[in-house]
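Structural overview
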Amino acid sequence: MGALQRLADFGAAGYNPGNIRDGEQGLGIYDRYASIYDASGQISFSLQMLPYLDSVLERHSVTRGALLELACGTGTVALAMARKGWRVYGVDGSAEMLAQARRKQATSRSEDSQELDILWSQQDMRHLCLSEPVQLATCLYDSLNYMLASDDLQAVFRGVYRALEPGGLFVFDMNTPWALATFWDDSTYVTDTPGLTVILESRFDAYRQRTTVKVTCFERQGELYRKAIEEHIEQGYPREHIATLLTDVGFQIEGMYHCFTFEPPTASCPRILWAARKPGRARQAAAGQAAEHQAVSPE
Ligand SMILES: C[S@@+](CC[C@H](N)C(=O)[O-])C[C@H]1O[C@@H](n2cnc3c(N)ncnc32)[C@H](O)[C@@H]1O
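What comes next concerns the included structure. Bear in mind the structure is a predicted one, so any value in this text is a computation, not a measurement.

1. Concerning the packing of helix α5 (residues 150-163) against helix α7 (residues 239-249)
Following both chains from N to C, one finds α5 and α7 inclined at 40 degrees, their axes separated by 9 Å at the closest point. Relative to α7, the element α5 lies oblique. Regarding α5 and α7, the two cross each other, and that crossing is right-handed. Judged by residue contacts, Ser 150, Leu 153, Gln 154, Phe 157, Arg 158 and Tyr 161 of α5 engage Leu 245, Leu 246 and Val 249 from α7. A class-by-class count of the residues in the contact of α5 with α7 yields six nonpolar, two polar and one charged.

Put into structure tokens, the structure is as follows:
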């Protein structure tokens, strides 16, 4: 039996886009991809984001204390921020992405001299619920483009606003409609390493400003390959619309940058980094005064 035949047999039952309901995608969209997410190269975004996030926080000051890392995925940013002394809530919708994050924390426990203060919690970001106010919230790597309806995006903004203490900062990035139309229309991207092949095939719906990406993974497991297929949908929003939703909720927009720079975004900017502030005066986050570090069930 040839290798290709083995691949096909092993993956025959792989394709099940049933996690996508009309206008909505389920919380498990990353479950099949999770085990190879970092190895396929996706971790490089977080590694690039971390030093940039440091400089964003120098520009947009924030009281150090509790951090909500929303759509934390496999936890790279959450772990790094906890190492810097933040008390972190790592929230994601995918149980498998969170399992990877927990695994990484367990592995790093043997290397880290400090015990990291992280609480992982599986929640739909549209129904966010935390037990204490946070000083900083982040939502990175176009996770908010997974909100396919404007109401959903606003529900996230509202939840983050509630979760922040007065004076708290929300930092997030989103793919622009220009990026979806330019890089994610009829494109195929292949990552091929000895143990892993990932194929991303995209099509852009110009009418809805929405990209659908079919992710096909072949992960070597001994003599065989595990095949998994997922379908991800990202919605593009005009920046004016995002600004309107943020300000309607009560945020003050402090910064809107061509991501990884501090330049204003141009018409052909692929990704925008936003810094939005909840008005009010920040309390000094005093050690020992923080509420118990626990997430509660979403409503
Ligand atoms: C592109 S990944 C980014 C992960 C991580 N922020 C990073 O930088 O690697 C998008 C993440 O959004 C999460 N996600 C998508 N929809 C969600 C929802 N409704 N609620 C919570 N998490 C969601 C996925 O599970 C996935 O981990």
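2. Focus on the sheet that holds strand β3 (residues 66-70)
As summarised here, the arrangement of the seven strands in space is β5-β4-β3-β6-β7-β13-β12, forming an open sheet in which the pairing is mixed. Every interior strand has two partners, whereas the edge strands, β5 (118-122) and β12 (252-258), have only one. The average undirected angle you get between the axes of adjacent strands in this sheet is 15 degrees. Where β12 meets strand β13 (residues 271-277), six bridges bridge the pair, whose relative direction is antiparallel. Looking at the pairing, Gly 255 lines up with Ala 275 of β13. Packed on one face of the sheet, α5 meets β3, β6 (134-139) and β7 (164-175) and runs near 145 degrees to β7. Against the sheet, α7 makes contact with β7, β12 and β13, and its axis sits at roughly 155 degrees relative to β12, the strand it touches most.

Rules used throughout
Residues numbered from 1 in each chain as written. Predicted model: local features only at pLDDT ≥ 70, side-chain atom pairs only at ≥ 80, totals over all residues. Axes fitted to C-alpha atoms, helices over the stretch in contact; angles between N-to-C directions. Helix = DSSP H or I, 4+ residues; strand = E, 2+ residues; numbered from the N terminus. Parallel < 35°, antiparallel > 145°, perpendicular 65-115°, else oblique. Left-handed = near helix turned anticlockwise from the far one by under 90°. Contact = placed C-beta atoms within 7 Å. Nonpolar A, V, L, I, M, F, W, Y, C, P; charged D, E, K, R; others polar. Pairing = 2+ DSSP bridges.

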